[in-house]
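A structural walkthrough
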Amino acid sequence: MDRPSSPLATRLMSDDAKRRAGRWIVGVLMLIVVAVAVTALRHILSNTSRDEIDAAIRRIGSGRLLLSLAITALSYFVLTGYDMIAQRIIGRRARYPTTALAAFTSYIFSHNFGFAVLTGGTARWRVYRHAGFTLGEVAQIMIIAGVTFWCGVFLLLGIGLILRPGALTIGALEISPAARVMTGALVLGGIAVTLAVLHRAAGRSLKLFGWTLVLPTVRLALLQFALAALDIALATAALFVLVPGLSLSAFPELLLGYVVAFVSGLLAHAPGGVGVFETVMLVALPRIDRATLFAALLVYRVVYYLIPLAVGLVLFLLHEIGWLRPATTPAGYDPAPAQLETLPN
């Protein structure tokens, strides 16, 4: 005769079923978004032949490709600064090789696979726990690094909307110069208000989704804005140099389109924003020849996503087998075994 389940066991089973159902729903929605984006992409390129795209790829040349690779490496180096700022805010510090490995593998996995909390969060945890960081500290680093990225997004979005000449056209939508400048000014005004609040509240703790976060000083917040803006500008520059014949005056327009496209792919949770990123870029930048821009986007996906992913997988594997781990575990380090059970192995 079966023993009746306890209320706690029943509730845990119910919660687990809800989580599994939630993952399935998100996965299905992600596939739908990718399918819609790919369909839209095929429609946009319907008047562009494969021969035109192949010729555009050949026009890029080895010099532009090597320059894009160098800028990409610099961009990922700047990305490690996100974690360094986060460690400073929470009052912890790891050796730079550990920080760089955690940041690089986290970002490259989340960039390519989506679902940053699961993919990038797992990579960060598996690296930082060997340096003595607790689960709560790693969670704080993730949140602060995410905030740093959005700082750069809003800063560049505000500047880009103000500096971009003429009306802003995205597909069939056209935004007048006055509305464009006003929107940019509102975004920058929101940033100014945020900095004013931090000036009064710096160092205080903030409860967010059950976690305790320490608010940064204005100086650190300004560093977050500057670092993220530099990172996004470098990521855009890695694409910019792959578009032959594009003048430097077109960079602000490309930068604004890049920010919108990258965020769109991020919100869609599509792996690497595939399909979504390319579609939004082509729609947001109608003045650039489509074959030329699409060819640059294809090469850019290899340069900025796939090559770093291969490097990241090798480094992460070396870490997992023990070759890139710290020589010793800090004294008094408690891996919080009860919490570890909730994380992927």
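For the structure itself, consult the block above.
Residues numbered from 1 in each chain as written. Predicted model: local features only at pLDDT ≥ 70, side-chain atom pairs only at ≥ 80, totals over all residues. Heavy atoms only, no water.

Along the chain, His111 turns up in helix 3 (residues 96–113). The exposure class of His111 is buried, given its relative accessible area of 13%. At 3.4 Å, the side chain of His111 forms a polar contact with the side chain of Tyr76. Setting aside anything within four residues of it in sequence, one finds His111 in contact with Tyr76, Leu79, Phe262, Pro271, Gly272, Tyr304 and Tyr305. (Helix = DSSP H or I, 4+ residues; strand = E, 2+ residues; numbered from the N terminus. Buried < 20%, exposed > 50% of the residue type's maximum accessible area, 1.4 Å probe, protein only. Polar contact = N/O pair within 3.5 Å; in protein donor to acceptor, adjacent residues only side chain to side chain. Contact = heavy atoms within 4.5 Å.)

A word on the environment of Gly273. By secondary structure assignment, the location of Gly273 is in the loop between helix 8 (251–268) and helix 9 (276–284). Owing to a relative accessible area of 6%, Gly273 belongs among the buried residues under this scheme. A sequence separation of 12 residues divides Gly273 from Ala261, and the C-alpha atoms of the two residues are 8.5 Å apart. Apart from the residues lying within four places of it in its own chain, the contact partners of Gly273 are Gly265, Glu278 and Arg301.

To continue, consider the nonpolar core. The biggest cluster of nonpolar side chains holds 88 residues, and the ones touching the most others in it are Tyr258, Met281 and Tyr300. The element that contributes the greatest number of residues to this core is helix 7 (residues 218–240), accounting for 13 residues. Setting aside chain neighbours within four positions, we find Met281 in contact with Leu239, Leu254, Gly257, Tyr258, Ala261, Leu293 and Leu297. (Core = buried A, V, L, I, M, F, W, Y, C linked by side-chain atoms within 4.5 Å.)

Moving on, we come to the packing of aromatic side chains. What the rule picks out here adds up to 18 aromatic pairs. Taken together, Tyr76, Phe104, Phe149, Trp150, Phe154, Tyr258, Phe262, Phe277, Tyr300, Tyr304 and Tyr305 form an aromatic cluster joined through their ring pairs. Positioned above the aromatic ring of Phe133 is the side chain of Arg92, whose terminal nitrogen or guanidinium carbon lies 4.4 Å from the ring centre. Over the ring of Tyr305 we find Arg301; its NZ or CZ atom is 4.8 Å from the centre of that ring. (Phe/Tyr/Trp six-rings, centres within 6.5 Å; stacked < 30°, edge-to-face > 60°. Lys NZ or Arg CZ within 6 Å of the ring centre and 35° of its normal.)

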